[in-house]
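# Structure at a glance
Below, each chain spelled out in residue letters.
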Amino acid sequence: MQAIVLENPGPDYRLQLGNIPAPVPGAGQVLVKVAAAGVNRADLHQGRGSYPPPPGASETLGMEVSGYVAADSGPYKKGDAVCALLPGGGYAEYAVADLSCVLPLPPSFDPVEAAALPEALFTAWTNVMDTGRLKPGERLLIHGGTSGIGVIAIQMFAALGYEVFATAGSAEKCALCEALGASRAINYKTEDFVAVVKATAGKGVDVILDMVGGPYVQRNMSAALPWGRIVNIAYQEGAKVSLDLGPLLMKRLTLAATTLRARSSAEKGAIRDALLDRVWPMVADGRIRPVVDRQFPLAEARKTHEYMEKTGATGKILLIP
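One structure accompanies this document, and this report is about it. (Residues numbered from 1 in each chain as written. Predicted model: local features only at pLDDT ≥ 70, side-chain atom pairs only at ≥ 80, totals over all residues. Heavy atoms only, no water.)

## Some words on the packing of helix α2 (residues 118-131) against helix α3 (residues 148-159)
Two elements in contact, α2 and α3, have axes whose closest approach is 9 Å; the angle formed by their N-to-C orientations is 60 degrees. The orientation of α2 with respect to α3, classified from their angle, is oblique. Crossing angle aside, the handedness with which α2 passes α3 is right-handed. Note on element contacts: α3 touches α2 through Gly148, Ile149, Ile152, Ala153, Met156 and Phe157, opposite Ala120, Leu121, Thr123, Ala124, Trp125, Val128 and Met129. Taken together, the residues of the contact of α2 with α3 sort by class into eleven nonpolar, two polar and no charged. (Axes fitted to C-alpha atoms, helices over the stretch in contact; angles between N-to-C directions. Helix = DSSP H or I, 4+ residues; strand = E, 2+ residues; numbered from the N terminus. Parallel < 35°, antiparallel > 145°, perpendicular 65-115°, else oblique. Left-handed = near helix turned anticlockwise from the far one by under 90°. Contact = heavy atoms within 4.5 Å. Nonpolar A, V, L, I, M, F, W, Y, C, P; charged D, E, K, R; others polar.)

Below is the structure:
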């Protein structure tokens, strides 16, 4: 099958279209004929050699796909439309997914755009609900509101009835955040998100989902209410910072950070089950929809990485085999 082959991992990595053996599913897995693969910032880190796949996972990049079941497996029949979270292998014509990480597509759902959903849904849910322990009536701040994760997280938690704040880097992106359900979008280039959330009636937020890191680590502590939970899923502006931990102590805050890729199939399956129960009906009825920035042919995988680095895409970038 055709797939993207990573060459020269490091600062000058290359992504070449090549031919490799098609994967063979094992017990508890399903083979998917890929309609589209989502591009994630973690893929860039794998290209640079700083984020290798977990042991036993495909060396091929790509952590989410949509497409069609290639052969009967578990509850799925050949031809069923699905999307799936992967530990690797998505930048290819075929990919293997654990059955516990598969979501069946609703009827008439776009089988290409569905690739924009798995990584964002799994990541947002587990970090906000499991790690962040968001409770009814609490307020949520999402940094990177128009990122691939942000656009889905805003929709999901707004649809579940939470008051959502989001940061973004332009008036247009802030408008999109509010159209997706944020009660207030904050332009981080012209506004101080700490001042904005503290000026509201709630005087702050209970949970913060952050992919920025760097100076935001300290500022998040200022924006959080007492007993607040701050969860980092990346540190795009730096993982090494000098902190005043006084607010952490005095406000009884929790700082947490997690990754998803290396978790066990059972752990991911528990997230998938929660999504099927609480979120998937809202995907089916259109309250949560994919937001796709651009689509590229599979052969242009390296261009998608350059595009992600330079532009700050709005929503998800997809690769089409």
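Next comes the rest of the write-up.
## Section: the packing of aromatic side chains
Inspection of every chain in the model, using the stated rule, returns four aromatic pairs. A ring pair is formed by Trp125 and Phe157, whose centres lie 6.5 Å apart and whose planes are at 15 degrees; its orientation type is stacked. Note that Trp125 is positioned in helix α2 and Phe157 in helix α3, a separation of 32 residues in sequence. Pairing Phe157 with Tyr162 gives two aromatic rings, centres 6.3 Å apart and planes at 70 degrees, and the pair type is edge-to-face. Summarising the burial analysis for this pair, Phe157 and Tyr162 share the class buried. When the ring centre of Tyr51 is taken as reference, the NZ or CZ atom of Arg261 above it lies at 5.2 Å. (Phe/Tyr/Trp six-rings, centres within 6.5 Å; stacked < 30°, edge-to-face > 60°. Buried < 20%, exposed > 50% of the residue type's maximum accessible area, 1.4 Å probe, protein only. Lys NZ or Arg CZ within 6 Å of the ring centre and 35° of its normal.)

## Points about unusual backbone geometry
Notably, Asn8 is not glycine yet its phi reads approximately 55 degrees, a positive angle. Looking at the secondary structure, you find Asn8 in the loop between β1 (2-7) and β2 (14-19).

## Some words on the layout of surface pockets
Empty space within the largest pocket amounts to approximately 1300 Å³. In terms of lining residues, the largest pocket is bounded by 48 residues, among which Arg41, Ser147, Met211, Ala234 and Gln236 are the most central. If you add up the space inside the second largest pocket, you get close to 370 Å³. Looking at the second largest pocket, it is lined by 27 residues, and the ones nearest its centre are Gly56, Ala57, Ser58, Pro87 and Gly88. Of all the elements in the fold, those that place two or more residues in the lining of the second largest pocket are β6 (94-98) and α8 (265-278). Ranked by the residues each element gives to the lining of the second largest pocket, the list is headed by β6, at five residues. Partitioned by chemical class, the residues of the lining of the second largest pocket number 15 nonpolar, eight polar and four charged. (1 Å grid on protein atoms, 1.4 Å probe; cavity = no way out; pocket = protein on both sides within 12 Å on 5 of 7 lines; lining within 4 Å. Points joined across faces, edges and corners; volume = space filled by probe spheres on them.)

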